[in-house]
Amino acid sequence: MKSIILAVLAASVILCLFLGIAALVRARSKRRFYSLGALCLSAALYAAFYAAEILQPTLRGVLFCIGFEYIGISGIAVTMFFLIRDFVGAERPSPWFIALVTMVPSVTAVMALT
């Protein structure tokens, strides 16, 4: 069962990386928003460290992976917010707005890693 879960997670990482990089390249060439690519890369980060967590033999290794999983989860939540904003046609967010939206997940991720 463990090998099936790891195979699915590995496939998820590969697929999310491919989709994320393709979306970022397309967004850059068409001068569009980067939220879809960032969402896919955040999902790849989460899936990669979840697979690494499953492979860890010690509690210390598991706790190390959980912090990075949380970064991926926080990235998914933030980029989903921006993806929905892009989908409804809102104007491009200012850097201050982006900093405000990402402040709480960033502080929480730092707390999770320490």
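Quick look at the structure, then. Not measured: the values here are computed from a predicted model. (Residues numbered from 1 in each chain as written. Predicted model: local features only at pLDDT ≥ 70, side-chain atom pairs only at ≥ 80, totals over all residues. Heavy atoms only, no water.)

Okay, the overall build of the chain next. Scanning the chain from terminus to terminus reveals four helices and zero strands. Across the chain, helices and strands are ordered from the amino to the carboxyl terminus as α-α-α-α. Expressed as a percentage of the 114 residues in the chain, the buried residues total 28%. Partitioning the contacts of the chain with sequence separation of at least 6, the portion at a separation of at least 24 is 59%. Summed over all atoms, the accessible surface of the chain reaches about 7,800 Å², with 74% contributed by carbon and sulfur. Taking the average place of the 9 positive charges on the side chains of the chain and the average place of its 4 negative ones, the gap between the two points comes to 11 Å. (Helix = DSSP H or I, 4+ residues; strand = E, 2+ residues; numbered from the N terminus. Buried < 20%, exposed > 50% of the residue type's maximum accessible area, 1.4 Å probe, protein only. Contact = heavy atoms within 4.5 Å. Areas by Shrake-Rupley, 256 points an atom, 1.4 Å probe, with all protein chains shown as cover. Lys, Arg positive; Asp, Glu negative; His and termini not counted. Charge placed at Lys NZ, Arg CZ, Asp CG, Glu CD.)

Attention now moves to the packing of helix H2 (residues 35-55) against helix H3 (residues 59-88). Packed helices, taken two at a time, are described by the angle their axes make and the gap between the axes. Packing of H2 against H3 brings their axes to within 8 Å, and their N-to-C directions diverge by 160 degrees. Put simply, H2 runs roughly antiparallel to H3. Crossing hand, H2 versus H3: left-handed. Residue composition of the contact of H2 with H3, grouped by class: 19 nonpolar, five polar and three charged. (Axes fitted to C-alpha atoms, helices over the stretch in contact; angles between N-to-C directions. Parallel < 35°, antiparallel > 145°, perpendicular 65-115°, else oblique. Left-handed = near helix turned anticlockwise from the far one by under 90°. Nonpolar A, V, L, I, M, F, W, Y, C, P; charged D, E, K, R; others polar.)

Looking now at the environment of Met80. Within the element layout of this structure, Met80 appears in helix H3. Residues Met80 and Leu15 lie 65 residues apart in sequence; the distance between their C-alpha atoms is 18 Å.

What follows concerns the packing of aromatic side chains. Per the counting criterion, the structure on display carries six aromatic pairs. Here the aromatic rings of Phe81 and Phe82 are separated by 5.4 Å at their centres, their planes lie at 70 degrees, and the arrangement is edge-to-face. Of the residues examined, Phe82 reaches a relative accessible area of 11% and is grouped as buried. Grouped by ring-pair contacts, the aromatic residues Phe49, Phe64 and Phe68 constitute a single cluster. (Phe/Tyr/Trp six-rings, centres within 6.5 Å; stacked < 30°, edge-to-face > 60°.)

Moving on: helix H4 (residues 95-113). Across its 19 residues, H4 extends 25 Å between first and last C-alpha, which sits within 8% of the 27 Å expected from 1.5 Å per residue. Its maximal kink placed at Met103, H4 deviates by approximately 40 degrees, while the proline Pro105 follows within four residues. (Expected span 1.5 Å × (residues − 1). Bend = angle between axes of the 7 residues up to and from the residue.)

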